[in-house]
Amino acid sequence: MTGLRVLAVDDEQPALEDLAYLLRADPRIGEVAMARDGASALKMLDRAMADGRPVEAVFLDIRMRGLDGVVLGRLLAQFTRPPRVVFVTAYEEHAVDAFEIKAEDYLLKPVRPERLAEAIRRVCAAIPDAPGSVGDAARAAPDGETIPVELAGVTRFVASSDVRYVEAQGDYARLHTAAGSHLVRIPLAALEERWAGAGFIRVHRSHLVAVKHIDELHIDSGRCTVRIGDTEIPVSRRHTRELRDLLVRRARKGRTE
(Lines give C-alpha, C1' and ligand atoms only; values in the text may rest on other atoms or scores of the structure.)
Protein backbone atom coordinates (compact mmCIF):
# COMPACT_ATOMS: atom_id res chain seq x y z
CA MET A 1 0.00 0.00 0.00
CA THR A 2 1.37 3.41 -0.99
CA GLY A 3 -0.69 5.44 1.45
CA LEU A 4 -4.04 5.69 3.16
CA ARG A 5 -7.07 7.06 1.34
CA VAL A 6 -8.80 9.37 3.81
CA LEU A 7 -11.71 11.78 3.92
CA ALA A 8 -11.71 14.97 5.99
CA VAL A 9 -15.15 16.30 6.95
CA ASP A 10 -15.79 19.74 8.48
CA ASP A 11 -18.42 22.38 7.73
CA GLU A 12 -15.97 25.22 8.38
CA GLN A 13 -13.77 25.74 5.30
CA PRO A 14 -10.67 27.11 7.10
CA ALA A 15 -10.69 24.23 9.61
CA LEU A 16 -11.22 21.72 6.78
CA GLU A 17 -8.30 23.10 4.77
CA ASP A 18 -6.02 23.13 7.82
CA LEU A 19 -6.86 19.51 8.61
CA ALA A 20 -6.34 18.44 4.99
CA TYR A 21 -2.98 20.24 4.93
CA LEU A 22 -1.80 18.41 8.06
CA LEU A 23 -3.00 15.07 6.72
CA ARG A 24 -1.21 15.53 3.40
CA ALA A 25 2.01 16.35 5.26
CA ASP A 26 2.07 12.86 6.79
CA PRO A 27 3.94 10.31 4.62
CA ARG A 28 1.46 7.57 5.60
CA ILE A 29 -1.39 9.42 3.88
CA GLY A 30 -1.79 8.86 0.16
CA GLU A 31 -4.98 10.69 -0.84
CA VAL A 32 -7.06 13.28 1.02
CA ALA A 33 -10.62 14.08 -0.07
CA MET A 34 -12.69 16.81 1.58
CA ALA A 35 -16.40 17.23 2.37
CA ARG A 36 -18.24 20.17 3.92
CA ASP A 37 -21.14 18.20 5.44
CA GLY A 38 -22.26 14.72 6.38
CA ALA A 39 -24.52 14.16 3.37
CA SER A 40 -21.72 15.02 0.95
CA ALA A 41 -19.36 12.77 2.88
CA LEU A 42 -21.74 9.81 2.49
CA LYS A 43 -22.01 10.40 -1.27
CA MET A 44 -18.22 10.54 -1.61
CA LEU A 45 -17.81 7.36 0.42
CA ASP A 46 -20.39 5.53 -1.70
CA ARG A 47 -18.75 6.73 -4.92
CA ALA A 48 -15.30 5.66 -3.73
CA MET A 49 -16.67 2.23 -2.80
CA ALA A 50 -18.32 1.84 -6.22
CA ASP A 51 -15.04 2.78 -7.92
CA GLY A 52 -13.21 0.06 -6.01
CA ARG A 53 -11.12 2.58 -4.08
CA PRO A 54 -12.84 2.70 -0.67
CA VAL A 55 -11.90 5.38 1.82
CA GLU A 56 -9.98 3.77 4.68
CA ALA A 57 -10.33 6.48 7.32
CA VAL A 58 -12.59 9.46 7.98
CA PHE A 59 -11.41 12.43 10.04
CA LEU A 60 -14.70 13.83 11.18
CA ASP A 61 -15.95 17.01 12.86
CA ILE A 62 -18.90 16.52 15.23
CA ARG A 63 -20.98 19.70 15.32
CA MET A 64 -22.03 20.26 11.72
CA ARG A 65 -25.17 21.54 10.06
CA GLY A 66 -27.54 18.80 8.97
CA LEU A 67 -26.09 15.35 9.56
CA ASP A 68 -23.76 15.76 12.55
CA GLY A 69 -20.59 13.78 13.12
CA VAL A 70 -21.95 11.42 15.77
CA VAL A 71 -24.88 10.36 13.58
CA LEU A 72 -22.56 9.99 10.58
CA GLY A 73 -20.15 7.94 12.68
CA ARG A 74 -22.96 5.56 13.66
CA LEU A 75 -23.93 5.19 10.00
CA LEU A 76 -20.35 4.43 9.01
CA ALA A 77 -20.14 1.75 11.69
CA GLN A 78 -22.93 -0.13 9.86
CA PHE A 79 -20.97 -0.35 6.59
CA THR A 80 -19.94 -3.86 5.50
CA ARG A 81 -16.33 -2.62 5.55
CA PRO A 82 -16.51 0.51 7.71
CA PRO A 83 -13.75 3.08 7.42
CA ARG A 84 -11.82 3.90 10.57
CA VAL A 85 -13.15 7.03 12.25
CA VAL A 86 -11.20 9.76 14.02
CA PHE A 87 -13.25 12.56 15.53
CA VAL A 88 -11.80 16.07 15.28
CA THR A 89 -13.80 18.54 17.35
CA ALA A 90 -13.65 21.55 19.62
CA TYR A 91 -15.96 19.88 22.16
CA GLU A 92 -15.09 17.30 24.80
CA GLU A 93 -18.59 16.17 25.75
CA HIS A 94 -18.97 13.71 22.87
CA ALA A 95 -16.01 11.56 23.90
CA VAL A 96 -18.24 8.81 25.31
CA ASP A 97 -20.18 8.68 22.03
CA ALA A 98 -16.86 8.30 20.20
CA PHE A 99 -15.87 5.40 22.41
CA GLU A 100 -19.20 3.64 21.87
CA ILE A 101 -18.83 4.02 18.10
CA LYS A 102 -15.32 2.53 18.48
CA ALA A 103 -13.60 5.54 16.95
CA GLU A 104 -9.85 5.12 16.66
CA ASP A 105 -9.16 8.48 18.31
CA TYR A 106 -10.71 11.73 19.51
CA LEU A 107 -8.77 14.91 18.72
CA LEU A 108 -9.52 18.32 20.15
CA LYS A 109 -9.14 21.48 18.10
CA PRO A 110 -6.83 23.18 17.46
CA VAL A 111 -5.22 19.96 16.22
CA ARG A 112 -1.59 19.53 17.19
CA PRO A 113 0.52 17.79 14.52
CA GLU A 114 1.92 15.31 17.05
CA ARG A 115 -1.58 14.26 18.16
CA LEU A 116 -2.71 13.89 14.57
CA ALA A 117 0.36 11.75 13.92
CA GLU A 118 -0.62 9.50 16.84
CA ALA A 119 -4.17 9.21 15.50
CA ILE A 120 -2.82 8.20 12.09
CA ARG A 121 -0.59 5.62 13.80
CA ARG A 122 -3.65 4.10 15.48
CA VAL A 123 -5.52 3.99 12.19
CA CYS A 124 -2.57 2.30 10.48
CA ALA A 125 -2.28 -0.24 13.28
CA ALA A 126 -5.94 -1.15 12.78
CA ILE A 127 -5.72 -1.68 9.01
CA PRO A 128 -3.97 -4.71 7.47
CA ASP A 129 -1.02 -3.73 5.24
CA ALA A 130 -1.37 -0.04 6.06
CA PRO A 131 1.82 2.07 6.10
CA GLY A 132 3.44 1.62 9.47
CA SER A 133 1.14 -1.24 10.42
CA VAL A 134 2.63 -4.01 12.51
CA GLY A 135 -0.19 -6.44 11.74
CA ASP A 136 -2.52 -8.38 13.98
CA ALA A 137 -0.47 -7.95 17.15
CA ALA A 138 -0.94 -4.21 17.09
CA ARG A 139 -4.61 -4.43 16.23
CA ALA A 140 -5.20 -6.84 19.09
CA ALA A 141 -3.43 -4.80 21.73
CA PRO A 142 -4.81 -1.24 22.03
CA ASP A 143 -2.50 -0.33 24.90
CA GLY A 144 -2.60 3.35 24.01
CA GLU A 145 -6.40 3.59 23.94
CA THR A 146 -7.90 6.20 26.20
CA ILE A 147 -11.31 6.34 27.86
CA PRO A 148 -13.11 9.61 28.56
CA VAL A 149 -14.10 10.08 32.20
CA GLU A 150 -15.99 12.91 33.85
CA LEU A 151 -14.45 14.52 36.90
CA ALA A 152 -16.00 17.63 38.47
CA GLY A 153 -17.47 18.69 35.14
CA VAL A 154 -14.20 18.18 33.24
CA THR A 155 -13.58 15.38 30.75
CA ARG A 156 -10.27 13.62 31.30
CA PHE A 157 -8.78 10.65 29.49
CA VAL A 158 -7.54 7.50 31.22
CA ALA A 159 -5.17 5.24 29.29
CA SER A 160 -6.18 1.58 29.18
CA SER A 161 -2.59 0.68 30.03
CA ASP A 162 -3.04 2.45 33.40
CA VAL A 163 -6.16 0.47 34.33
CA ARG A 164 -5.41 -2.32 36.81
CA TYR A 165 -8.89 -3.82 37.03
CA VAL A 166 -12.48 -2.97 36.17
CA GLU A 167 -15.52 -3.50 38.37
CA ALA A 168 -19.06 -3.77 37.02
CA GLN A 169 -21.65 -1.44 38.52
CA GLY A 170 -24.90 -2.06 36.66
CA ASP A 171 -24.68 -0.56 33.18
CA TYR A 172 -21.56 1.31 34.27
CA ALA A 173 -18.00 0.21 34.96
CA ARG A 174 -15.52 1.52 37.51
CA LEU A 175 -11.96 1.74 36.27
CA HIS A 176 -9.35 1.27 38.98
CA THR A 177 -5.89 2.73 38.48
CA ALA A 178 -2.99 3.25 40.87
CA ALA A 179 -4.14 6.86 41.31
CA GLY A 180 -7.82 6.19 42.01
CA SER A 181 -11.03 5.06 40.31
CA HIS A 182 -13.39 6.45 37.68
CA LEU A 183 -16.99 5.54 36.87
CA VAL A 184 -17.74 5.38 33.15
CA ARG A 185 -20.93 4.71 31.19
CA ILE A 186 -19.67 1.55 29.53
CA PRO A 187 -20.86 -2.01 30.31
CA LEU A 188 -18.20 -4.41 31.52
CA ALA A 189 -18.99 -6.77 28.62
CA ALA A 190 -18.12 -4.05 26.10
CA LEU A 191 -14.74 -3.48 27.72
CA GLU A 192 -14.10 -7.22 27.89
CA GLU A 193 -14.63 -7.54 24.14
CA ARG A 194 -12.63 -4.44 23.23
CA TRP A 195 -9.65 -5.11 25.50
CA ALA A 196 -9.38 -8.87 25.06
CA GLY A 197 -6.15 -8.46 23.09
CA ALA A 198 -4.66 -5.88 25.43
CA GLY A 199 -3.99 -8.22 28.33
CA PHE A 200 -7.34 -8.02 30.11
CA ILE A 201 -9.24 -11.13 31.17
CA ARG A 202 -12.66 -11.66 32.74
CA VAL A 203 -12.25 -13.40 36.09
CA HIS A 204 -15.74 -12.92 37.52
CA ARG A 205 -19.13 -11.67 36.33
CA SER A 206 -18.25 -8.40 38.08
CA HIS A 207 -14.52 -8.08 37.38
CA LEU A 208 -12.12 -7.66 34.49
CA VAL A 209 -8.42 -7.57 35.36
CA ALA A 210 -5.19 -6.56 33.62
CA VAL A 211 -3.02 -9.67 33.74
CA LYS A 212 0.21 -7.67 33.97
CA HIS A 213 -0.98 -6.12 37.26
CA ILE A 214 -1.76 -9.42 39.01
CA ASP A 215 0.63 -9.81 41.95
CA GLU A 216 -0.59 -13.12 43.39
CA LEU A 217 -2.98 -15.98 42.65
CA HIS A 218 -4.49 -17.85 45.62
CA ILE A 219 -6.41 -21.14 45.47
CA ASP A 220 -7.69 -22.40 48.80
CA SER A 221 -10.32 -25.16 49.19
CA GLY A 222 -11.46 -24.61 45.64
CA ARG A 223 -11.84 -20.85 46.13
CA CYS A 224 -9.67 -18.73 43.86
CA THR A 225 -8.70 -15.07 44.21
CA VAL A 226 -6.12 -12.75 42.71
CA ARG A 227 -4.38 -9.87 44.43
CA ILE A 228 -3.74 -6.61 42.63
CA GLY A 229 -1.94 -4.22 44.93
CA ASP A 230 -3.89 -4.22 48.17
CA THR A 231 -7.10 -5.48 46.56
CA GLU A 232 -8.21 -9.11 46.55
CA ILE A 233 -10.53 -9.99 43.67
CA PRO A 234 -12.64 -13.16 43.50
CA VAL A 235 -12.25 -15.52 40.55
CA SER A 236 -15.29 -17.56 39.62
CA ARG A 237 -14.96 -21.33 39.13
CA ARG A 238 -15.62 -21.08 35.40
CA HIS A 239 -12.71 -18.65 34.97
CA THR A 240 -10.22 -20.24 37.38
CA ARG A 241 -8.62 -22.74 35.01
CA GLU A 242 -8.34 -20.27 32.14
CA LEU A 243 -6.66 -17.70 34.38
CA ARG A 244 -4.31 -20.22 35.98
CA ASP A 245 -3.22 -21.57 32.58
CA LEU A 246 -2.68 -18.05 31.29
CA LEU A 247 -0.49 -17.11 34.24
CA VAL A 248 1.52 -20.33 33.91
CA ARG A 249 2.16 -19.65 30.21
CA ARG A 250 3.13 -16.09 31.02
CA ALA A 251 5.58 -17.25 33.71
CA ARG A 252 7.15 -19.82 31.35
CA LYS A 253 7.53 -17.22 28.62
CA GLY A 254 9.20 -14.86 31.09
CA ARG A 255 11.75 -17.53 32.06
CA THR A 256 12.70 -18.24 28.45
CA GLU A 257 13.21 -14.61 27.46
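Before any of the text, the structure's been laid out above.
Residues numbered from 1 in each chain as written. Predicted model: local features only at pLDDT ≥ 70, side-chain atom pairs only at ≥ 80, totals over all residues. Heavy atoms only, no water.

Outline the packing of helix H1 (residues 13-24) against helix H5 (residues 113-126), listing residues and values.
At their nearest, the axes of H1 and H5 sit 10 Å apart, and the two run at 65 degrees to each other. Regarding H1 and H5, the two cross each other, and that crossing is right-handed. Residue-level contacts link Leu-19, Leu-22 and Leu-23 of H1 to Pro-113, Leu-116 and Ile-120 of H5. Of the residues contributing to the contact of H1 with H5, the split by class is six nonpolar, no polar and no charged. (Axes fitted to C-alpha atoms, helices over the stretch in contact; angles between N-to-C directions. Helix = DSSP H or I, 4+ residues; strand = E, 2+ residues; numbered from the N terminus. Left-handed = near helix turned anticlockwise from the far one by under 90°. Contact = heavy atoms within 4.5 Å. Nonpolar A, V, L, I, M, F, W, Y, C, P; charged D, E, K, R; others polar.)

Could you give an account of the environment of Arg-164, naming the residues involved and the relevant values?
The residue Arg-164 is located in strand S8 (residues 163-169) in this model. As for Arg-164 and His-176, which are separated by twelve residues in sequence, their C-alpha atoms are 5.7 Å apart.

Go over the nonpolar core, please, and point to the residues and values.
In this structure, Leu-7, Val-9, Val-58, Leu-60, Leu-76 and Phe-87 are the most contacted members of the largest nonpolar core, which totals 22 residues. Listing elements by their share of this core, those giving two or more residues are strand S1 (4-9), helix H2 (38-50), strand S3 (57-60), helix H3 (69-77), strand S4 (84-89) and helix H4 (95-101). By residue number, the principal contributor to this core is H2, which donates four residues. Sequence-distant contacts of Leu-7, that is, excluding residues within four places in its chain, are made with Ala-33, Met-34, Ala-35, Ala-41, Met-44, Leu-45, Val-55, Ala-57, Val-58 and Phe-59. (Core = buried A, V, L, I, M, F, W, Y, C linked by side-chain atoms within 4.5 Å. Buried < 20%, exposed > 50% of the residue type's maximum accessible area, 1.4 Å probe, protein only.)

Which residues make up the sheet that holds strand S10 (residues 180-184), and what values go with them?
Adjacent strands of a sheet form backbone hydrogen bonds with each other and so pair up, either parallel or antiparallel. Judged by pairing direction, the sheet is antiparallel, and its five strands sit side by side in the order S10-S9-S8-S12-S11 without closing on themselves. Two strands close off the open sheet at either side, each with one partner strand: S10 and strand S11 (200-204). Sheet twist, expressed as the mean angle between neighbouring strand axes with direction ignored, is 20 degrees. Across four bridges, the pairing between S11 and strand S12 (residues 207-210) is antiparallel. Among the inter-strand pairings, Ile-201 is bridged to a residue of S12, identified as Val-209. (Pairing = 2+ DSSP bridges.)

Before we move on, can you summarise the pairing of strand S15 (residues 231-235) with the specific residues and values?
Walk down a regular strand and you will see the side chains alternate between the two sheet faces. Bridge count for strand S14 (residues 223-228) against S15 is five bridges, and the pairing is antiparallel. Its bridge partner being in S15, Ile-228 is matched across the sheet by Thr-231. Hairpin connection from S14 to S15: two residues lie between these consecutive antiparallel strands, with Gly-229 at a positive phi of about 65 degrees.

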